[in-house]
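Structure assessment
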Amino acid sequence: TQLLEQSPQFLSIQEGENLTVYCNSSSVFSSLQWYRQEPGEGPVLLVTVVTGGEVKKLKRLTFQFGDARKDSSLHITAAQPGDTGLYLCAGENAGGTSYGKLTFGQGTILTVHP
Amino acid sequence: SQTIHQWPATLVQPVGSPLSLECTVEGTSNPNLYWYRQAAGRGLQLLFYSVGIGQISSEVPQNLSASRPQDRQFILSSKKLLLSDSGFYLCAWIRVPFGTEAFFGQGTRLTVV
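Here is what the cut-offs are and how they apply
- Every chain's residues receive numbers from 1 upward, in the order its sequence appears when written.
- Written order decides the labels, with chains lettered from A and ligands numbered from 1.
- Where local features are concerned, this predicted model is filtered to residues with pLDDT of at least 70; where side-chain atom pairs are given and counted, the filter is 80 or more; whole-chain, interface and lining totals use all residues.
- Only hydrogens and water are set aside when side-chain values are computed; all heavy atoms of the structure are taken into account.
- The contact definition used throughout considers only heavy atoms, calling two residues in contact when any of these lie within 4.5 Å.
- Buried area is a sum: the accessible area each of two parts loses on coming together, probed at 1.4 Å, counted once for each and added.
- Take a side-chain nitrogen of Lys or Arg and a carboxyl oxygen of Asp or Glu: if they are within 4 Å of each other, that pair is a salt bridge.
- Identification of polar contacts relies on pairs of N or O atoms within 3.5 Å, with a donor-acceptor requirement for protein atoms, meaning one able to donate a hydrogen and the other able to accept it, and with residues adjacent in sequence counted only if both atoms are side-chain atoms.
- Put simply, DSSP marks the helices as runs of H or I at least four residues long and the strands as runs of E at least two long, and each gets a number from the N terminus on.
- Under the grouping applied here, Gly and all other residues not named as nonpolar or charged are polar, the nonpolar ones being Ala, Val, Leu, Ile, Met, Phe, Trp, Tyr, Cys and Pro and the charged ones Asp, Glu, Lys and Arg.
- For two strands to count as paired, DSSP must find a minimum of two bridges between them.
- Note on method: axes are straight lines fitted to C-alpha atoms, helices fitted across the in-contact stretch only, with angles between N-to-C directions ranging 0 to 180 degrees.

1. Quick word on the interface of chain A and chain B
- In this complex, chain A contributes 23 residues to the contact, which on the side of chain B involves 22 residues.
- Counting the surface lost from both chain A and chain B, the interface buries some 1,800 Å², and carbon and sulfur atoms represent 55% of this.
- On inspection of chain A and its partner chain B, the count reaches zero salt bridges.
- For the pair chain A and chain B, the number of links is six residue pairs in polar contact (both at pLDDT 80 or more).
- Breaking the side of chain A that touches chain B down by element, the ones donating at least two residues are strand E4 (29-37), strand E5 (44-49), strand E9 (85-93) and strand E10 (102-104) of chain A.
- Broken down by element, the side of chain A that touches chain B gets its largest block of residues, four residues, from E4 of chain A.
- Within the side of chain A that touches chain B, the residues separate by chemical class into nine nonpolar, 11 polar and three charged.

2. Points about the sheet that holds strand E1 (residues 5-7) of chain A
Residues and elements named next belong to chain A.
- One open sheet accounts for five strands, arranged E1-E3-E8-E7-E6; its pairing is antiparallel. The outermost strands of the open sheet, each flanked by one partner alone, are E1 and strand E6 (55-58). Geometrically, the sheet is characterised by an average inter-axis angle of 15° between neighbouring strands, direction not taken into account.
- Relative to strand E3 (residues 19-24), E1 is paired through three bridges, and the arrangement is antiparallel. Bridge pairing in E3 links Gln-6 to Cys-23.

No statement about biological role is implied by the geometric values presented.
Okay, structure coming up:
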């Protein structure tokens, strides 16, 4: 069973600060995705990274996939209250017939205070 | 465009009562469909997935079952609910093999009392 360890579990910061969320595994993933979820709603996809070492930017969010495709990070610059939510990483199992199954991390609850 | 519908949004059921949650997808065909459970706003646990009509795979032993009577319909059921079945249930679809991004429904908050 492939596991994704996400850290930190909780993050409470002031508006304008920077932060980084980490997603680590001992397993290799074909791709890794980041989702954001608001209370009472389903997760919404932010980005997918596929290539080892890949970096993607989405406005103030920067996503990186590790060279060995075992880990990823999400960095937010100048956080805003609107960034508050649950951030989830999810990996697509590498090799074999996975039927598109994703392994999810436990999530990071981010709270940005005005 | 593709959309996914899940209902009801909230449900309060007594212990021992049956359960039926429905999920339908529009705008796509042959989707892979998934039921996840999420406890207290944390990570998602995969319960069932289906790659086609009548094809169900269970990921964890539990008090729940799933069925796929039509290509774009996925149902989560239970004959007798337990207190431990409470949680936030999410339906998702993935358009394999064109990608692995998951698109989620709005979720159902189930409280068993």
